[in-house]
Amino acid sequence: MTDTTPRRRARSQRPPTIIDVAEQAGVSRGTVSRVLQGGRNVSPAARDAVNAAIRKLGYVVNRAARSLVTQRAGSVAFLLSETQDRLFGDPNFTTLLTGCTTALGEHDIPLILITAGTEAERRRIAPFLSAHHVDGVLLISSHRGNPMIDHLHRANLPFVCCGKPLGEHGRLSYVASDDHEGARTMVRHLVESGRRRIATITGPQDTPGGVERLRGYREVLNEHGIDYDRRLVATGDYSRASGESCMQQLLTAVPDLDAVFVASDLMADGALSAIERTGRRVPDDIAVGGFDDSPVATAVQPQLTTIRQHWTRISEMMVRQLLAQIAGEGPATVILPTELVIRESA
C-alpha cells in the first residue's frame, strides 16, 4: 500500500535534510551532526545507523551551511611546489595525489590541487591560503628554503610536508620514507652481488632524498673498503632526461663502471636508454638499481630492481597528521621504512 501522507509527499519533493536523516536513523539531530563532523563521541551502532540513513535517503552535505557553523572551509589543498609539467611527468606526484584524495574521501573532505612552482604562481595563491579558503595543506616537494613553508606559518594554516624539510628550525609535521637506509640497502645489494665500480645518479642536493640517498651510498662504499670517487657521482633532477644525460656523463668519465644506483626510477629509465646506446647489457655489464618502485619500474626492460616507498601509507599518514592538526593537535613526524624489490636489472 502506497504511503500518501502529506509529510511523505512533501519530503519526496525536496532534498533530504539532517532532520530526515535523524528520523530515518532513529537518533537525534545532534548525533547526525557529530557523525558528519567526524564521528567523535558517537557509538558505532549510531554511526552505522546514520550512515545507512544517509545512503538510503541520498543526503548530501550542505558545505556552505556547515562552514558557517564550524568556521571551516571543509576542504584541503594538495600544494605541489614544482612546475606543472612535473605533476604529469613524474608518476610519484600523481600516485601521492591519488592516495591523498582517497584518504580524504573517507572523511568526506574534497582535495584542491594547487601548483606553486614559480614565483608568479606563489603570488597568486598566497591570498587564497591566507584567507583560509582551505583548512590545511599537504605540501609536496620540500626543496631547501621552500618559501611556501614561511607563508603557511605566517598564515597560521596547518600543513604537513611530504619529505623532511631541509634547513628548517622548529617543529614541523612531515611524513618521509627512510631515504638514508633505503640507499644503504640498495648499494649493499650491489656490492654483495660482486660490483665494485658503483656509480650513482643523485637527486637535487637541496632535497632530502638527494642528500640522504647520497649519504647512504657513500657510507656503504666506505664500510666495504671501496674508495669514494667523485667521478662516479652525477647530480640529476629526478627527471628522465637528467637520468639519461647523467648516465652518458658517467660512462664517458668512467667507462669501466659496473653498477649504478639511481635515486629515482624515472631517472633510472633514462639511464637504461643511455647504457643501451653503448651496446652494454643490463645487468651483465652494468647493474642498475632505482628508488621509488613507481609504475616505471615494471614498465621498462629489463624491469628495475628498486627500493619501494610505500606511497599509500605515506598518503594515509599525511592526511591523518593534517586532520589531527586541524582538530587542534601539535606537529608530528613519521619516517616509514623502505623495502628492497629485486627484479631483473640488478
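Since we're looking at a predicted model, the values are computed, not measured.

Student: Give a description of the packing of helix α8 (residues 119-130) against helix α9 (residues 147-154) that names residues and reports values.
Tutor: Packing of α8 against α9 leaves a shortest axis separation of 10 Å and a crossing angle of 25 degrees. Classified by the angle between their axes, α8 and α9 sit roughly parallel to one another. Once α8 is placed against α9, the crossing between them reads as right-handed. Taking contact as the criterion, the partners of R122, I125, A126, L129 and S130 in α8 are, on α9, P147, M148, H151 and L152. In the contact of α8 with α9, the residues fall into six nonpolar, two polar and one charged.

Student: Talk me through the domain arrangement of the protein; I want residue IDs and the actual numbers.
Tutor: As far as domains go, the protein holds domain 1 (11-61), domain 2 (76-177 + 312-335) and domain 3 (179-308). Between the C-alpha centres of domain 1 and domain 3 there is a distance of 54 Å.

Student: Talk me through the layout of surface pockets; I want residue IDs and the actual numbers.
Tutor: Roughly 460 Å³ of internal volume is contained in the second largest pocket. Listed by contribution, the elements that provide at least two residues to the lining of the second largest pocket are α7 (91-105), β5 (174-177), α11 (208-223) and α15 (311-326). A class-by-class count of the residues in the lining of the second largest pocket yields eleven nonpolar, ten polar and eight charged. Shared between two domains, the lining of the second largest pocket takes at least three residues from each, and those domains are domain 2 (76-177 + 312-335) and domain 3 (179-308).

Student: With reference to specific residues and values, describe the side chain of H151.
Tutor: You can see H151 is positioned in helix α9. Relative accessible area serves as the criterion here: at 11%, H151 is assigned to the buried category. A distance of 3.2 Å separates polar atoms of two side chains, one belonging to H151 and the other to S130. When neighbours within four sequence positions are excluded, H151 is seen to be in contact with A126, L129 and S130.

Student: How would you explain the pairing of strand β3 (residues 137-140) if you had to name every residue and give the values?
Tutor: When a strand is regular, its side chains alternate between the sheet's two faces. Where burial is concerned, the two faces of β3 agree: the one with V137 and L139 and the one with L138 and I140 are both buried. Where strand β1 (residues 76-80) lies against β3, four bridges are found, and the strand directions are parallel. Following the sheet pairing, L80 is matched in β3 by I140. Once you follow β3 into α9 and on to strand β4 (residues 159-162), the crossover reads as right-handed.

Student: Talk me through the sheet that holds strand β2 (residues 111-115); I want residue IDs and the actual numbers.
Tutor: Taken in spatial order, the six strands line up as β2-β1-β3-β4-β5-β11 in an open sheet, and their pairing is parallel. Looking at strand neighbours, the two that pair on one side only are β2 and β11 (333-336), the edges of this open sheet. Each adjacent strand pair in this sheet contributes to an overall mean axis angle of 20 degrees, direction not counted. Bridge count between β1 and β2: five bridges; the pairing is parallel. Of the residues in β2, the one forming a bridge with L80 is T115.

Student: Mind laying out the pairing of strand β8 (residues 259-262), listing which residues take part and the relevant values?
Tutor: Burial along β8 is two-sided: A259 and F261 facing one way and V260 and V262 facing the other are all buried. In this structure, β8 lies alongside strand β9 (residues 287-289), joined through three bridges in parallel fashion. Bridging from a neighbouring strand, A259 pairs with A287 of β9. Crossover β8 to β9 through helix α13 (residues 265-277) is right-handed.

Cut-offs applied
Residues numbered from 1 in each chain as written. Predicted model: local features only at pLDDT ≥ 70, side-chain atom pairs only at ≥ 80, totals over all residues. Heavy atoms only, no water. Axes fitted to C-alpha atoms, helices over the stretch in contact; angles between N-to-C directions. Helix = DSSP H or I, 4+ residues; strand = E, 2+ residues; numbered from the N terminus. Parallel < 35°, antiparallel > 145°, perpendicular 65-115°, else oblique. Left-handed = near helix turned anticlockwise from the far one by under 90°. Contact = heavy atoms within 4.5 Å. Nonpolar A, V, L, I, M, F, W, Y, C, P; charged D, E, K, R; others polar. Domains from an automatic or database assignment. 1 Å grid on protein atoms, 1.4 Å probe; cavity = no way out; pocket = protein on both sides within 12 Å on 5 of 7 lines; lining within 4 Å. Points joined across faces, edges and corners; volume = space filled by probe spheres on them. Buried < 20%, exposed > 50% of the residue type's maximum accessible area, 1.4 Å probe, protein only. Polar contact = N/O pair within 3.5 Å; in protein donor to acceptor, adjacent residues only side chain to side chain. Pairing = 2+ DSSP bridges. Right-handed = clockwise from strand over helix to strand, strands pointing away.

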